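# Structure at a glance
Now for the letters of each chain:
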Amino acid sequence: MDMQKTYNPQDFEKRIYDNWEKSGYFKAKVNPDKVPFTIVIPPPNITGQLHIGHALDETLQDAIIRFKRMQGYEALWLPGTDHASIATEVKIVELIKKEEGLTKEQLGREEFLKRAWAWKEKYGGRIVEQLKCLGSSCDWSRLAFTMDDRCSKAVKEVFVNLYDKGLIYQGSKIINWCPSCKTALSDAEVEYAEEDSYFWYLDYPLEGEEGKCLTVATTRPETMLGDTAVAVNPHDKRYSSFVGKYLILPIVNKRIPVVADDYVDMKFGTGAVKITPAHDPNDFEVGLRHNLEVIRVMNDDGTMNELAGKFAGMDRFECRKAIVEELKAVGALKKTEPHKHNVGHCYRCHSSVEPIVSKQWFVKMADLAKPAIAAVKNKSIKFTPSRFTKIYYNWMENIKDWCISRQLWWGHRIPVYYCEDCGEKMVLKDAPKCCTKCGSTNFRQDEDVLDTWFSSALWPFSTLGYPDMTEDLKYFYPTDVLVTGYDIIFFWVARMIFSGLEHMNRIPFKDVLIHGIVRDDKGRKMSKSLGNGVDPLEVIAEYGADTLRFSLVNGVAAGSDIRFSKEKCESSRNFINKIWNASRFVLMNCEGADIRPITEIKPEVKDKWILSRLNHTVKSVTMLMEKYDLGMALSICHDFMWYDFCDWYIELTKPALYGDDIAKKNATLSVLCHVLKETLKLLHPFIPYVTEEIYSNIPGTTGSIMVSEYPRYNSAYNYKKDAEKMNAVMDIIKAVRQIKVQAGAAPSKKVELIVVTENRKLVDSSADFICKLSGVSKIVFVSSKQDITEKVFTQVLNGFELFVPLGDLVDIEKEVSRLKAELEKTDSEIERAESKLNNPGFVEKAPAKLVDAEKQKLAKFQELKAKILANLKEYES
RNA sequence: GGAGGCAUAGCUCAGUUGGUUAGAGCGCUCGCUUCACAUGCGAGAGGUCGUAGGUUCGAGUCCUACUGUCUCUACCA
């Protein structure tokens, strides 16, 4: 046995991980004799390093995969990283600006991509190291990257297939544009935030009718330069005479029609809306319905273009001010009022997003969404917790076409080629040698790359070999469970589901385990601006990976957010320290002892009690693990380890361990070893390092705990009667302790215990325990309280009356009032039970088991009451 | 506008399909350096489970309304 006095994870975590890796236990292979169990990691972005949210995600996955591996599944946890197109590109742009003083355009595409791959090598590698520190049992031989050859091949295959099926198309539509990143964004990539702004009321004069005008209200006056109509509600009587007439657009002095459209809300603003089809999604729709001209007045970088006339070249916000001034000058600004409204921001750079008309590639969603909704409706895919299905439906049922092209360089380049000579468009998996139509070799590839989520959507099968029907793909797909946060249900989970169904004809996973986000100790979201982020590596350096993992999982309900605090870490560390010391106790005593397998031991009552407790624990923990209720599973392991094993069983073994009976000592130690070993196995998925370290020191164990057999429930170990006996003894011990504390006697003071009972045999056979655990020097049996001559404290239990003579410490008056309080409590229990049993509804309708239990409870309390009364009478006489 | 979560001890949170006397951690009080552990041991105090109704023999748990709070989603110019 080689264990330091204090738990010190830094001494062994690294060594253990290295051993695991060397042993090849993490590797999974196609094995027809075993049932596969597969998890693909949600690939962390290579933008930086792992944060505490990743630590939670990986801990949950590792716990599940370790559990399944021990249960005998061929467990594969497939690791990888994500190129994170826009997020990484933003970082690299910043880097080259800082280090080389260049913009990406100045650097050029080829050089830029070199920098990006270097970044990937550096940060991708770092993330892998961090995953290892956490203890993640990933199959590193399969490490994937969303832009590696395999994934790239899958992306091209899927793009071409969808295009051929007519599910990918190119079109000019209104999309979200980030003027800072200069790329299109999908709807999911826009974040809205409320901002204080103004509502500007503008007068648009009616053509040919001097002095008459229509007032529109707008939050974006600068877009009026691109107005091509004003819309009113067809039922709005105020404006019915205007419909079909023309207005003169101020400043621009252009004729624009008044159209009637249901989209307009009569009650909002003035009931008249300026229509700018090029710069507003709703206006774009109105424009389509009324055949309006689309005039785009803004450049890609957010400045005004030549169609903005004298405002050309101005930044959009500058232009807004200038337009307002100009409108005021020409008398078209009627009034201004403060207004709060939601403005969309780029989820990566946070600039405000500009809705503009642009030619982009889209995925047609309607037909893809239907089977994806059905798969969840018919429970082929189950969300845990189930409430997240509603969030999923909500999005899927209202889904719009997915804009997948990005005007970026870092990512999968769109596999579309244009012939410079004949203009032919070629959508091909591999770059053509020449134009498929005219044979020209003068062609170019589409400049754009794909949305990063396009490749992530294929992750569960691209990493296993798709489009080739490999053995891996056949064996490990569909995967079993996907573990991720609720924040990427739309971005990722939904898209994997329809992609799996479309390209593999099968769901990508059976279960989706959703967890919450990790917040700081005050419940705030961790963010760079608040500076309240917690670095998992720092926590590991201070407390060890096991403590971090324990803190993130113990007692946490699925799907709910987690508060992370130092206090929590400390209490987790204390628990692991407790395991450490309990194990030291067991192992130190084992030295030189004859430890036998549990099957060769004849257990006595205390042993049967802990074996039955262990058995129950195994049953509930296994059940909870299978339901992915890891927080509860771990909490039950914790309670068993601390309260049953350490607080009670270890103490109960001491009389035997320090006694002279060698056979008894060996038997007890064998049970101690068995229970410790099995408990460590239950804990191993959550806290792998410390359990491995201790396990290797237990006599009789060979190999790693991570490939040991997971404990199994066995009804032969229930020992119901013995467990009840032990519980009665434990009640006696607790009662004596209570008497001593209440009397103010020192814990070390040895007292005499006088017992009235019909079950003398039980007390006799457990005398060792009672004496050792409650500081009793001698147990005396009497037939009734009348036989006691000294002043005593009294405690009445079911089947036992306990009396402790404590001489002058005994205060009769206090004792009487204490007994009266006990009596009152007992009375209220009797009353409660009686009212239930007197209720015909309860007796008739409640399950017989419960009625019986209630009857027993009543009898028990009535017996207690009788004894308390008898004791009270003694004092009164 | 739509949807969802949460409201339980001083604080942070558990609480399985409704069913014994509602639990834990931290904090607090009292007593202990007892031969694994003071990162500990023993004994306690502390809760009308947000409010009002309802269903039921029985509600922290199910239903309705309300109050407070957080989040997602839509983007009404």
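A short tour of the structure in this document, coming up.

Each value, and the rule that gives it
- Residues numbered from 1 in each chain as written.
- Chains lettered and ligands numbered in written order.
- Predicted model: local features only at pLDDT ≥ 70, side-chain atom pairs only at ≥ 80, totals over all residues.
- Heavy atoms only, no water.
- Helix = DSSP H or I, 4+ residues; strand = E, 2+ residues; numbered from the N terminus.
- Pairing = 2+ DSSP bridges.
- Axes fitted to C-alpha atoms, helices over the stretch in contact; angles between N-to-C directions.
- Buried < 20%, exposed > 50% of the residue type's maximum accessible area, 1.4 Å probe, protein only.
- Lys, Arg positive; Asp, Glu negative; His and termini not counted.
- Salt bridge = Lys/Arg side-chain N within 4 Å of Asp/Glu carboxyl O.
- Polar contact = N/O pair within 3.5 Å; in protein donor to acceptor, adjacent residues only side chain to side chain.
- Contact = heavy atoms within 4.5 Å.
- 1 Å grid on protein atoms, 1.4 Å probe; cavity = no way out; pocket = protein on both sides within 12 Å on 5 of 7 lines; lining within 4 Å.
- Points joined across faces, edges and corners; volume = space filled by probe spheres on them.
- Nonpolar A, V, L, I, M, F, W, Y, C, P; charged D, E, K, R; others polar.
- Disulfide = S-S within 2.5 Å.
- Near = heavy atom within 4 Å.
- Parallel < 35°, antiparallel > 145°, perpendicular 65-115°, else oblique.
- Left-handed = near helix turned anticlockwise from the far one by under 90°.
- Core = buried A, V, L, I, M, F, W, Y, C linked by side-chain atoms within 4.5 Å.
- Phe/Tyr/Trp six-rings, centres within 6.5 Å; stacked < 30°, edge-to-face > 60°.

On to unusual backbone geometry, then. Cis rather than trans, the peptide bond between Thr 384 and Pro 385 has omega equal to -5 degrees. For Pro 385, the position within the fold is in the loop between β15 (382-384) and α10 (388-396). With an omega of 0 degrees, the peptide bond running from Tyr 477 to Pro 478 counts as cis. Mapping Pro 478 onto the fold places it in the loop between α13 (471-476) and β22 (479-485).

As summarised here, the arrangement of the 4 strands in space is β10-β11-β9-β12, forming an open sheet in which the pairing is mixed. In the strand order of this sheet, the two ends are held by β10 (246-249) and β12 (272-275), each with one partner. Between one strand and the next, the sheet's axes are offset by a mean angle of 30 degrees, whatever the strand orientation. As paired strands, strand β9 (residues 229-232) and β12 are joined by 4 bridges and run antiparallel to one another. Each bridged residue has a counterpart across the sheet, and for Ala 231 the counterpart in β12 is Val 273.

Structurally, Glu 13 can be placed in helix α1 (residues 13-23). For Glu 13, which is buried and forms no salt bridge, the nearest opposite charge comes from Arg 549, at a distance of 8.4 Å. Separated by 3.0 Å, the side chain of Glu 13 and the backbone nitrogen of Ala 545 make a polar contact. Apart from the residues within four sequence positions on either side, Glu 13 is in contact with Tyr 7, Ile 540, Gly 544, Ala 545, Asp 546 and Tyr 689.

Mapping Arg 296 onto the fold places it in the loop between α7 (281-290) and α8 (316-329). Here Arg 296 falls in the partly exposed class, since its relative accessible area comes to 23%. Taking C-alpha positions, Arg 296 is 8.8 Å from Leu 225, a pair spaced 71 residues apart along the chain. When near neighbours in sequence (up to four residues on either side) are disregarded, Arg 296 contacts Ala 278, His 279, Asn 305, Leu 307, Ile 356 and Val 357. Side-chain polar atoms of Arg 296 contact the side chain of Asp 300, separated by 2.5 Å.

Opposite charge on two side chains allows them to pair when their charged atoms are near. Counting across every chain of the model gives 64 salt bridges. A salt bridge links Arg 15 to Glu 693, with the nearest nitrogen and oxygen atoms 2.4 Å apart. Taken together, the residues span a long stretch of sequence, with Arg 15 in helix α1 and Glu 693 in helix α21 (residues 688-695) at a distance of 678 residues. The closest approach of N and O atoms between Asp 561 and Arg 519, which form a salt bridge, is 2.9 Å. In this pair, Asp 561 sits in the loop between α16 (545-553) and β25 (562-563) while Arg 519 sits in strand β24 (residues 518-519), placing the two residues 42 residues apart along the sequence. Three or more residues joined by partner-sharing salt bridges are found here, namely Arg 220, Glu 222, Arg 316, Arg 320 and Glu 354.

Turning next to empty space enclosed by the protein. Per the stated rule, a full pass over the model turns up 4 cavities of 30 Å³ or more. Its volume calculated, the largest cavity comes out at about 130 Å³. In this structure, the largest cavity is lined by 17 residues; those nearest its centre are Leu 60, Val 556, Ala 557, Ala 558 and Gly 631. Breaking the lining of the largest cavity down by element, the ones donating at least two residues are α2 (52-70), β23 (509-515), α16 and α19 (630-657). The element contributing the most residues to the lining of the largest cavity is β23, with 3 residues. Listing elements by their share of the lining of the second largest cavity, those giving two or more residues are α6 (149-164) and α14 (489-503). Ranked by residue count, the leading element in the lining of the second largest cavity is α14, at 4 residues. Tallied by class, the residues present in the lining of the second largest cavity amount to 9 nonpolar, 2 polar and 1 charged.

Taken as a whole and assessed by the stated rule, the structure comprises 0 disulfides. A disulfide-free cysteine, Cys 151 has its sulfur positioned 15 Å from the sulfur of Cys 138, the nearest such atom. Look at Cys 151 and you get buried, because its relative accessible area is 3%. Between Cys 646, a cysteine without a disulfide, and Cys 637, which holds the nearest cysteine sulfur, the sulfur-to-sulfur distance is 13 Å.

In the region of RNA strand B, 61 residues are neighbours, and Phe 268, Asn 282, Gln 738, Lys 845 and Lys 857 sit closest. Sugar plus phosphate: this is where 63% of the atoms of RNA strand B within 4 Å of the protein reside. With respect to RNA strand B, the side chain of Tyr 658 contributes an N or O atom lying 2.5 Å from a phosphate oxygen. Looking at the surface near RNA strand B, the elements with two or more residues in it are β8 (213-218), β13 (333-346), α17 (566-590), α19, α22 (720-743), α25 (812-837), α26 (840-845) and α27 (848-876). For the surface near RNA strand B, the element with the highest residue contribution is α17, accounting for 10 residues.

Quick look at the packing of α19 against helix α24 (residues 767-774) now. The N-to-C vectors of α19 and α24 enclose an angle of 115 degrees; their axes lie 9 Å apart at closest approach. Put simply, α19 runs roughly perpendicular to α24. α19 and α24 meet at a crossing whose hand is right-handed. From α19, Trp 648, Glu 651, Leu 652, Lys 654 and Pro 655 reach across to α24, where they touch Asp 768, Phe 769, Lys 772 and Leu 773. Of the residues in the contact of α19 with α24, the class split is 5 nonpolar, no polar and 4 charged.

What follows deals with the nonpolar core. If you look at the biggest cluster of nonpolar residues, it comprises 203 residues, and the most contacted ones within it are Phe 159, Phe 454, Phe 645 and Leu 753. In this view, Leu 753 contacts Ile 732, Val 736, Ile 770, Val 776, Lys 778, Ile 779, Val 780, Leu 802, Phe 803 and Val 804; residues no more than four positions away in its chain are not counted. The next biggest cluster of nonpolar side chains, apart from the first, holds 30 residues, and it includes Leu 214, Val 216, Val 230 and Phe 242.

In this section: the packing of aromatic side chains. Applying the stated rule across the entire model yields 37 aromatic pairs. Between Phe 12 and Trp 580 the ring centres are 5.7 Å apart and the planes differ by 5 degrees, which places this aromatic pair in the stacked class. You can see Phe 12 sitting in the segment before α1 and its partner Trp 580 sitting in helix α17, a full 568 residues away along the chain. The pair formed by Phe 12 and Trp 580 is uniform in burial state, with each residue classed as buried. With a centroid separation of 5.4 Å and an interplanar angle of 55 degrees, the aromatic rings of Tyr 17 and Phe 26 are classed as tilted.

Packing of α17 against α21 brings their axes to within 11 Å, and their N-to-C directions diverge by 5 degrees. By the angle class used here, α17 and α21 are roughly parallel. In this structure, α17 uses Ile 576, Ile 579, Trp 580, Ser 583 and Leu 587 to contact α21, whose residues at the interface are Val 690, Glu 693 and Ile 694. For the contact of α17 with α21, the class distribution of residues is 6 nonpolar, 1 polar and 1 charged.

Let us look at the sheet that holds strand β19 (residues 425-427). Note: strands within a sheet are paired through backbone hydrogen bonds, in either parallel or antiparallel orientation. Taken together, the 3 strands give an open sheet; going across it, the order is β19-β18-β20, and neighbouring strands pair in antiparallel fashion. Two strands lie at the open edges of the sheet, namely β19 and β20 (443-445), each paired on one side alone. Strand-to-strand, the axes of this sheet are offset by a mean angle of 25 degrees, without reference to chain direction.

Secondary-structure assignment places Thr 668 in helix α20 (residues 662-683). Its relative accessible area of 1% is what places Thr 668 among the buried residues. Ignoring sequence-local partners within four residues, the contact set of Thr 668 consists of Lys 606, Tyr 649, Thr 653, Ala 656 and Leu 657.

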